[in-house]
Amino acid sequence: MRAVELFEQGRPNAEIARMLGVHAESVRRWKRVWEKGGTHALRRRPATGRPPKLDDAQVEQVRTALEQGAQVHGFEGDLWTLERAGLVVERVSGVALSRASVWRLLTGRLGWSLQRPERRAVERNESEIARWIAHEWPRIKRGR
């Protein structure tokens with residue numbers, strides 16, 4: 001909209017581009033659109049493309065269901081995978097999503113991130129590990 005004000009002042013395209021920090025070709029394109037359709041033609045339009053399969057209310061239902069944990073939904077262990085999340089999405093909303101769409105839902109719309117469980121032996125003994133690091137490792141490092 002600032003470009004329109006500058007067009008109306010009769011400023012050259014190159015000057016407008018410098019002032020706004022954009023490429024001169026963008027200014028030329030804006031000016032053509034402005035001359036054809038006026039200021040209204042330059043207003044931001046909604047994004048094109050296929051609308052999401054889940055509306056905001058369904059996404060919130062899915063969020064609530066997923067936050068309950070995987071075991072509540074009959075899975076062994078409280079770990080979410082794309083397949084498990086996809087099954088819950090289908091149960092809650094009635095919409096079947098591909099693995100890629102489940103990933104976009106989880107990371108994009110729900111704000112989740114990839115978390116991998118740390119693999120640790122069941123027999124792991126933290127106090128023995130600390131003792132070994134404090135006593136044995138320095139001895140081995142010295143070469144004795």
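Residues numbered from 1 in each chain as written. Predicted model: local features only at pLDDT ≥ 70, side-chain atom pairs only at ≥ 80, totals over all residues. Heavy atoms only, no water.

Enquirer: Just checking my understanding: could you explain the pattern of salt bridges for this structure?
Expert: In a structure, side chains of opposite charge can pair up when their charged atoms sit close to one another. Counting across every chain of the model gives 13 salt bridges. One salt bridge in this structure joins Arg2 and Glu5, with 2.9 Å as the shortest N-O distance. A residue pair is termed a helical-turn pair when its members lie 3 or 4 positions apart in one helix, as Arg2 and Glu5 do in helix 1 (residues 2-8) at three residues. Its relative accessible area of 40% is what places Glu5 among the partly exposed residues. (Salt bridge = Lys/Arg side-chain N within 4 Å of Asp/Glu carboxyl O. Helix = DSSP H or I, 4+ residues; strand = E, 2+ residues; numbered from the N terminus. Buried < 20%, exposed > 50% of the residue type's maximum accessible area, 1.4 Å probe, protein only.)

Enquirer: What is the right way to look at helix 6 (residues 82-93) in this model?
Expert: For the α-helix, the turn length of 3.6 residues means that residues three or four positions removed from each other point alike. The terminal C-alpha atoms of helix 6, which comprises 12 residues, lie 16 Å apart, in line with the 16 Å expected from a rise of 1.5 Å per residue. Along helix 6, the residues that are buried comprise Leu82, Arg84, Ala85, Gly86, Val88, Val89 and Ser93. Where helix 6 is buried, its residues meet helix 5 (56-67) and helix 7 (99-109). (Expected span 1.5 Å × (residues − 1). Contact = heavy atoms within 4.5 Å.)

Enquirer: So what exactly am I meant to see when it comes to the nonpolar core here?
Expert: Soluble globular proteins: nonpolar side chains tend toward being buried together. Among the nonpolar cores identified, the biggest contains 17 residues, and Leu54, Leu66, Leu97, Leu105, Leu106 and Leu110 are the most heavily contacted of them. Where this core is concerned, the elements lending two or more residues are helix 5, helix 6 and helix 7. In contact with Leu105, not counting residues within four places along its chain, are Leu54, Val59, Val62, Val89, Leu97 and Leu110. Formed by eight residues, the second largest nonpolar core is a distinct cluster that contains Ala3, Val4, Phe7 and Ile16. (Core = buried A, V, L, I, M, F, W, Y, C linked by side-chain atoms within 4.5 Å.)

Enquirer: Where do I start with the environment of Ala100 in this structure?
Expert: The residue Ala100 is located in helix 7 in this model. Put simply, Ala100 and Lys141 are 41 residues apart on the chain and 49 Å apart in space, counted from C-alpha to C-alpha.

Enquirer: For this particular structure, what's the right way to read the side chain of Arg84?
Expert: By the element assignment, Arg84 lies in helix 6. This buried residue, Arg84, is left without a salt bridge; Asp78 holds the nearest opposite charge, at 6.7 Å. Aside from chain neighbours lying at most four places away, what touches Arg84 is Ala70, Phe75, Glu76, Gly77 and Leu79. (Lys, Arg positive; Asp, Glu negative; His and termini not counted.)

Enquirer: Help me understand helix 3 (residues 24-37) in this model?
Expert: Between the first and last C-alpha of helix 3 there are 20 Å, a value that for 14 residues agrees with the 20 Å anticipated at 1.5 Å per step. Residues of helix 3 that are buried: Ser26, Val27 and Trp34. End-on, the buried residues of helix 3 take up no more than an arc of 95 degrees, which puts them together on one face. Those residues of helix 3 that are exposed and angled more than 90 degrees off the buried face are Glu35 and Lys36. Buried residues in helix 3 make contact with helix 1, helix 2 (13-20) and helix 4 (39-42). Count one or two residues on from helix 3 and you reach Gly38, which has phi positive near 80 degrees. (Arc of directions from axis to C-beta.)

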